[in-house]
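# Structural characterization, general
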Amino acid sequence: MDTKKIPCVICSSENDLQYLFEYSLITCLKKIDFLNELFVVTPNPEIALKVISKIVSDCRIPIHLVKDDELLSKSENKMCGWSKQQILKLRSYEICEAENILSVGADTVTLNKLFLNDFCTPQNIVVNYRNHKTVNKHFRFEINRVKNIYNLFGITTTSQNENLHDFIFDIFLFKSSVLLELNRHLTKKFGSDYFLKILPHHVSGYGEMEKIGEWSLYTIFAIEVLKCPFVFQDGTALLHQIHTESELRNYDYKNKAVHFVRKDFNKKYIFDELKKNEIL
């Protein structure tokens, strides 16, 4: 399974290009052997090219730059960055001619080797979920989001109670066939401009963000609407999320990847820790 080569997409805002994008890119190339090409989707390809040229002198795979507005309508391009990032990921099949596409966050660093069977098997989609040891605000937020997505699809089956999980993973494998079916389904239900209707145009707090999320939307559609064969997998060790300074200072860098959720962590501190742990 791991001999199969697939593309990777990194969607990066202009702020991310100046923040952790370079660490995300370097570690993707270093730690994920099953990639055959990489696409950077960004509003400013010129800045991305400068960063890439500075850190990658001899790349083992092609790197392609794609401008946001190549995938967004004029109305979608006026939406907030949080919503645009979701649209870009859910349209990744438009730039990658592959059945499987790995999406990696621009503020997510790969710490240890990743393998394709972390995300799928020959027969099944692997549905990674985060195992919260205690019921905390992050867990409650994600469960409410999943419930809202069930309502969006009009699903009221008993399986909803069985499948209430935190599906948020900033390293995520999309299947193009599922994304295409999701596009058809939402177009039929809401019209061709469905993203303008189901995603917030502006985000002022967690209330808007709780209504929808690309990974949970994709997962629930795949397992509940399409009835794709799948297996649940506790992905807690796969990817860790850091939300606070305390979590940052106490993190041991033992997971396969880590997502730095806040945008104001000290970049030099992160760089020093990555060097100390021989990640970079």
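Please refer to the structure placed before this passage.
Description of the structure in this document.

Analysis parameters
- Residues numbered from 1 in each chain as written.
- Predicted model: local features only at pLDDT ≥ 70, side-chain atom pairs only at ≥ 80, totals over all residues.
- Heavy atoms only, no water.
- Buried < 20%, exposed > 50% of the residue type's maximum accessible area, 1.4 Å probe, protein only.
- Helix = DSSP H or I, 4+ residues; strand = E, 2+ residues; numbered from the N terminus.
- Pairing = 2+ DSSP bridges.
- Core = buried A, V, L, I, M, F, W, Y, C linked by side-chain atoms within 4.5 Å.
- Contact = heavy atoms within 4.5 Å.
- Arc of directions from axis to C-beta.
- Polar contact = N/O pair within 3.5 Å; in protein donor to acceptor, adjacent residues only side chain to side chain.

### Some remarks on the pairing of strand S7 (residues 171-175)
Taken across its five residues, S7 has four buried, putting it largely inside the fold. With five bridges joining them, strand S4 (residues 100-104) and S7 adopt antiparallel strand pairing. Bridging across to S7, Asn-100 finds its partner in Lys-175.

### Considerations on the nonpolar core
If you look at the biggest cluster of nonpolar residues, it comprises 79 residues, and the most contacted ones within it are Ile-10, Phe-34, Leu-38, Leu-102, Phe-153 and Leu-217. Sort the elements by how many residues they give to this core and helix H11 (residues 214-225) lands first, with seven residues. Counting 16 residues, the second-largest nonpolar core is a separate cluster that includes Leu-20, Tyr-23, Leu-111 and Val-258.

### Focus on the environment of Lys-175
Counting through the fold element by element, Lys-175 comes out in strand S7. Lys-175 gets classed as partly exposed once you look at its relative accessible area, which sits at 24%. Taking the C-alpha atoms as reference points, Lys-175 and Ala-98, 77 residues apart in sequence, are found 8.3 Å from one another. With residues near it in sequence (within four places) discarded, Lys-175 still touches Glu-99, Asn-100, Ile-125 and Tyr-218.

### Quick word on helix H13 (residues 267-276)
Burial in H13 covers these residues: Tyr-269, Ile-270, Glu-273 and Leu-274. Buried residues of H13, viewed axially, fall in a sector of 135°; they line one side. Residues of H13 that are exposed and point over 90 degrees away from its buried face: Lys-268 and Lys-276. Looking at the buried positions of H13, the neighbouring elements they touch are helix H2 (21-31), strand S5 (108-110), helix H12 (245-250) and strand S10 (257-260). Of the residues that open H13, the one with a side-chain oxygen 3.0 Å from the backbone nitrogen of Lys-268 is Asn-266. Phi turns positive one or two residues past the end of H13, at Glu-278, with a value near 55°.

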